[in-house]
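Residue-level structural notes
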Amino acid sequence: SAVISQKPSRDICQRGTSLTIQCQVDSQVTMMFWYRQQPGQSLTLIATANQGSEATYESGFVIDKFPISRPNLTFSTLTVSNMSPEDSSIYLCSVGDRRGDFGPGTRLLVL
Amino acid sequence: GQQVMQIPQYQHVQEGEDFTTYCNSSTTLSNIQWYKQRPGGHPVFLIQLVKSGEVKKQKRLTFQFGEAKKNSSLHITATQTTDVGTYFCADGGSSNTGKLIFGQGTTLQVKP
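A short tour of the structure in this document, coming up. Predicted, not measured: the structure shown is a model, and the values here were computed from it. (Residues numbered from 1 in each chain as written. Chains lettered and ligands numbered in written order. Predicted model: local features only at pLDDT ≥ 70, side-chain atom pairs only at ≥ 80, totals over all residues. Heavy atoms only, no water.)

Further remarks concern the interface of chain A and chain B. Taken together, the contacts link 19 residues of chain A with 18 residues of chain B. Where chain A packs against chain B, one counts one salt bridge. Where chain A touches chain B, the interface holds eight residue pairs in polar contact (both at pLDDT 80 or more). Of all elements in the fold, only β4 (31-37) and β5 (43-50) of chain A reach the threshold of two or more residues within the side of chain A that touches chain B. Broken down by element, the side of chain A that touches chain B gets its largest block of residues, four residues, from β4(A). Taken together, the residues of the side of chain A that touches chain B break down into eight nonpolar, six polar and five charged. (Contact = heavy atoms within 4.5 Å. Salt bridge = Lys/Arg side-chain N within 4 Å of Asp/Glu carboxyl O. Polar contact = N/O pair within 3.5 Å; in protein donor to acceptor, adjacent residues only side chain to side chain. Helix = DSSP H or I, 4+ residues; strand = E, 2+ residues; numbered from the N terminus. Nonpolar A, V, L, I, M, F, W, Y, C, P; charged D, E, K, R; others polar.)

What follows is the structure, encoded as structure tokens:
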């Protein structure tokens with residue numbers, strides 16, 4: 001299984017600001033995914049981070065709000081833009097085709 | 001869109017009792033995966049089921065995939081306090097891209 005790290009592990013932000021979350025994998029992977037887990041809820045896929053092309057967003061998520069970069073096969077970033085308290089969640093990246101290996105998550109609180 | 005329903009939402013058991021969580025889909029699943037998330041942790045892969053009627057065991061955990069590949073279950077025998085957490089099923093999709101559609105999860109509390 002892949003070893004995945006995320007930065008920051010947690011943050012408290014003011015509404016209207018943006019936060020960029022980094023995801024680093026210890027091996028080259030084709031697909032990387034970003035999920036959101038709202039408090040007490042399940043995981044919802046935000047987008048697939050594609051290397052060399054734009055991310056593919058799921059219904060309800062847009063690039064202006066959640067821009068994603070994927071500069072190489074081991075790294076991706078997710079930005080949460082113009083934050084509101086409703087964006088308070090855990091954001092997780094994952095990799096893997098036949099099984100999901102998840103990073104430790106970034107716990108975001110927006111005040 | 002594709003939805004995976006999971007019940008119950010919560011389960012409190014006495015240590016030593018059994019526990020089962022159920023997952024249902026309105027459409028046929030190519031594969032189903034199970035994850036465990038400890039409090040404050042991230043989801044950890046437990047198993048993938050692919051074949052109709054498949055049954056797999058991991059120590060005290062038994063995973064089943066329905067004959068019609070529309071439902072699945074996870075059964076824990078003789079729960080221990082280390083089993084505490086939220087168990088999620090997830091639709092792994094037909095193309096094994098890694099994209100997962102998660103059920104709502106079942107949170108298990110075990111009283112010692």
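Following the structure, the description resumes.
All names here are of chain A. Strand order in the open sheet formed by four strands is β1-β3-β8-β7, and the pairing between neighbours is antiparallel. With one partner strand each, in any of the chains shown, β1 (4-7) and β7 (68-72) form the two edges of the open sheet. Sheet twist, expressed as the mean angle between neighbouring strand axes with direction ignored, is 15 degrees. Where strand β3 (residues 19-25) meets strand β8 (residues 75-80), six bridges bridge the pair, whose relative direction is antiparallel. (Pairing = 2+ DSSP bridges. Axes fitted to C-alpha atoms, helices over the stretch in contact; angles between N-to-C directions.)

A covalent bond between the sulfur atoms of two cysteines is referred to as a disulfide. One pass over the full model with this rule turns up two disulfides over all chains. Residue pairing for C23(A): its cysteine sulfur links by disulfide to C93(A), the two sulfurs lying 2.0 Å apart. With the S-S dihedral at roughly 75 degrees, the linkage between C23(A) and C93(A) falls on the right-handed side. Remark: C93(A) occurs in strand β9 (residues 89-95) and C23(A) occurs in strand β3; sequence separation between them is 70 residues. When sorted by exposure, C23(A) lands in the same class as C93(A), which is buried. Between C23(B) and C89(B) runs a disulfide, and the two sulfur atoms are separated by 1.8 Å. The sign of the 70 degrees torsion about the S-S bond sets the C23(B)-C89(B) disulfide as right-handed. Taken together, the positions of C23(B) in strand β3 (residues 19-25) and C89(B) in strand β9 (residues 85-91) put the pair 66 residues apart, joining distant regions of the chain. The residues C23(B) and C89(B) share a single accessibility class, namely buried. (Disulfide = S-S within 2.5 Å. Buried < 20%, exposed > 50% of the residue type's maximum accessible area, 1.4 Å probe, protein only.)

By themselves, these observations are geometric and do not establish any function.
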